[in-house]
Protein chains: 2
Amino acid sequence: MADKTLDTLFYETLKDIYYAERKGTTALRRLARAAQNPDLKAAFEEHEEESQQQVERLTQLFEMIGKRPRGKTCDAIEGIISEAHEIMEEFKGTTALDAGIVAAAQAVEHYEIARYGTMKSWAQKLGMDDAVTLIDQTLQEEISSDEKLSKLAETVINDAATRSDE
Amino acid sequence: MADKTLDTLFYETLKDIYYAERKGTTALRRLARAAQNPDLKAAFEEHEEESQQQVERLTQLFEMIGKRPRGKTCDAIEGIISEAHEIMEEFKGTTALDAGIVAAAQAVEHYEIARYGTMKSWAQKLGMDDAVTLIDQTLQEEISSDEKLSKLAETVINDAATRSDE
């Protein structure tokens, strides 16, 4: 049996995140539709455009390693999305829906941040400079998107979620 | 039907992270056992002690809101752990095993960072100052643990994973 090294891991994780990114994009679209606050809807829509570019960058990474783009079922994103759907269902029509939606979206973002962070560090070690640049663009977008959601939650969404308590 | 507000979300997410934290601790123990590098094993063991304190802090949070500690199946952590087991199986005995183990552990950490970040922001809004302090202690530990793993990967683990390529 051939030894498996960092390039095997890179390819396996690329298939994982390719699946997760496309599933995550669909999930964020559902969260956007369910969101009540217009700023939150707008934040999701902006991120959706980014996500399409992120998927395009992943196909470029497959090209760089001489493989065809191919996803592999990612149990992690399936679980995260299943919780997102549960929150949308349980909190539908309630004051706290948007706060729950932000939390669900940030769990998606953090999964992607973990994976892109790992892949960037592997690409560096593998000397794949162009791959590092591509992965880092996406990583920075995910971090920025997560920060935007935190800020929106702290300034608007969480206030709205406590309103009927006051 | 009573409206659901931020305190409902806080309670639901507390049950989720209570389940995830305990499952995550068990998963990290398995990753530690599978790890080949002694520094990586040591990092996991150190984090395991922290995790026990983190579970204890969660029981204190339940007390603060007058509830008994109770977990709720967290599909997200189940999916993340299922991928961790897959990596341990697929890369067993190979040069890249430790790099895969670090990646799996960082996915666990990032899930927890997302959830604790959200809960801290909700506790702030709910005026639960003692809860904010407790959650922030855990959040800072998770962030620091994630950074330690990144550093270990970049300085030692990823090198070892490319060795048979050279």
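Our subject is the structure that appears above.
Residues numbered from 1 in each chain as written. Chains lettered and ligands numbered in written order. Predicted model: local features only at pLDDT ≥ 70, side-chain atom pairs only at ≥ 80, totals over all residues. Heavy atoms only, no water.

Caption draft 1: Structural detail: the layout of surface pockets. Considering only enclosed or pocket space, the largest pocket measures out at about 800 Å³ in volume. Together, 42 residues line the largest pocket, and His110(A), Ile113(A), Asp146(A), His110(B) and Ile113(B) are the ones closest to its centre. Listing elements by their share of the lining of the largest pocket, those giving two or more residues are α4 (97-125) and α5 (129-162) of chain A together with α4 (97-125) and α5 (129-162) of chain B. Ranked by residue count, the leading element in the lining of the largest pocket is α4(A), at 13 residues. Partitioned by chemical class, the residues of the lining of the largest pocket number 18 nonpolar, 16 polar and eight charged. Space inside the second largest pocket adds up to approximately 160 Å³. Elements that contribute at least two residues to the lining of the second largest pocket include exactly α1 (6-34) and α3 (75-90) of chain A. When residues in the lining of the second largest pocket are grouped by element, the largest group, three residues, is from α3(A). (1 Å grid on protein atoms, 1.4 Å probe; cavity = no way out; pocket = protein on both sides within 12 Å on 5 of 7 lines; lining within 4 Å. Points joined across faces, edges and corners; volume = space filled by probe spheres on them. Helix = DSSP H or I, 4+ residues; strand = E, 2+ residues; numbered from the N terminus. Nonpolar A, V, L, I, M, F, W, Y, C, P; charged D, E, K, R; others polar.)

Caption draft 2: Region of the structure containing the pattern of salt bridges. Taken as a whole and judged by the stated rule, the model has 22 salt bridges over all chains. A salt bridge links Lys72(A) to Glu12(A); the nearest nitrogen and oxygen atoms lie 2.9 Å apart. Here Lys72(A) is found in the loop between α2 (38-64) and α3, whereas its partner Glu12(A) is found in helix α1, with 60 residues between them in sequence. In this structure, Asp16(B) engages Arg115(B) in a salt bridge whose closest nitrogen and oxygen atoms are separated by 3.7 Å. Linking Asp16(B) in helix α1 (residues 6-34) with Arg115(B) in helix α4, this pair joins segments that are 99 residues apart in sequence. In terms of burial, Asp16(B) and Arg115(B) fall into one category: buried. (Salt bridge = Lys/Arg side-chain N within 4 Å of Asp/Glu carboxyl O. Buried < 20%, exposed > 50% of the residue type's maximum accessible area, 1.4 Å probe, protein only.)

Caption draft 3: Seen up close, the packing of α4(B) against α5(B). All names here are of chain B. Axis separation between α4 and α5 bottoms out at 9 Å; the angle between their running directions is 160°. By the angle class used here, α4 and α5 are roughly antiparallel. The interaxial crossing formed by α4 with α5 has left-handed handedness. Of the residues in the contact of α4 with α5, the class split is 16 nonpolar, eight polar and seven charged. (Axes fitted to C-alpha atoms, helices over the stretch in contact; angles between N-to-C directions. Parallel < 35°, antiparallel > 145°, perpendicular 65-115°, else oblique. Left-handed = near helix turned anticlockwise from the far one by under 90°.)

Caption draft 4: Highlighting the nonpolar core. Counting residues in hydrophobic clusters, the biggest one holds 112 residues, and the most contacted among them are Leu31(A), Leu40(A), Leu31(B) and Leu40(B). Those residues in contact with Leu31(B) that sit more than four places away from it in its chain are Phe44(B), Ala84(B), Met88(B), Ile101(B), Ala104(B) and Ala105(B). (Core = buried A, V, L, I, M, F, W, Y, C linked by side-chain atoms within 4.5 Å. Contact = heavy atoms within 4.5 Å.)

Caption draft 5: Looking closely at the interface of chain B and chain A. If you look at the interface, chain B gives 47 residues, while chain A gives 47 residues. Sorting the residues of chain B by area buried against chain A places Lys4(B), Glu83(B) and Lys125(B) first, and these three jointly supply 15% of that buried surface. In this structure, the connection of chain B to chain A is made through six salt bridges. Connecting chain B to chain A are 28 residue pairs in polar contact (both at pLDDT 80 or more). Contributing elements (two or more residues each) for the side of chain B that touches chain A: α1, α3 (75-90), α4 and α5 of chain B. (Buried area = accessible area lost by both parts, 1.4 Å probe. Polar contact = N/O pair within 3.5 Å; in protein donor to acceptor, adjacent residues only side chain to side chain.)

Caption draft 6: Spotlight on α3(B). Its 16 residues place the ends of α3(B) 22 Å apart at the C-alpha level, agreeing with the 22 Å of an ideal helix rising 1.5 Å per residue. What α3(B) keeps buried is the set Ala76(B), Ile77(B), Gly79(B), Ile80(B), Ile81(B), Glu83(B), Ala84(B), Ile87(B) and Met88(B). For α3(B), the elements touching its buried residues are α1, α3 and α4 of chain A together with α1 and α4 of chain B. (Expected span 1.5 Å × (residues − 1).)

Caption draft 7: Expanded view of the relation of the copies chain B and chain A. Here chain B sits on chain A after a turn of 180° about the axis and a move of 0.0 Å along it, with an RMSD of 0.0 Å. Look at the turn and shift together and you get a two-fold axis relating the two. Most of the interface of chain B is mirrored in chain A: 100% of its interface residues are interface residues there too. (Least-squares fit on C-alpha atoms with pLDDT ≥ 70 in both.)

Caption draft 8: Geometry of the packing of aromatic side chains. The tally for this structure, following the rule as stated, stands at four aromatic pairs over all chains. Residues Tyr11(A) and Phe62(A) carry aromatic rings whose centres are separated by 6.5 Å and whose planes lie at 90° to one another, so their mutual orientation is edge-to-face. Of the two residues, Tyr11(A) sits in helix α1 while Phe62(A) sits in helix α2, which places them 51 residues apart along the sequence. Like Phe62(A), Tyr11(A) is buried. Through successive ring pairs, a cluster of aromatic residues spans Tyr11(A), Tyr18(A) and Phe62(A). Lying across the ring of Tyr11(A), Lys15(A) places its NZ or CZ 4.4 Å from the centre. Over the aromatic face of Tyr11(B) sits the side chain of Lys67(B), whose NZ or CZ is 4.7 Å from the ring centroid. (Phe/Tyr/Trp six-rings, centres within 6.5 Å; stacked < 30°, edge-to-face > 60°. Lys NZ or Arg CZ within 6 Å of the ring centre and 35° of its normal.)

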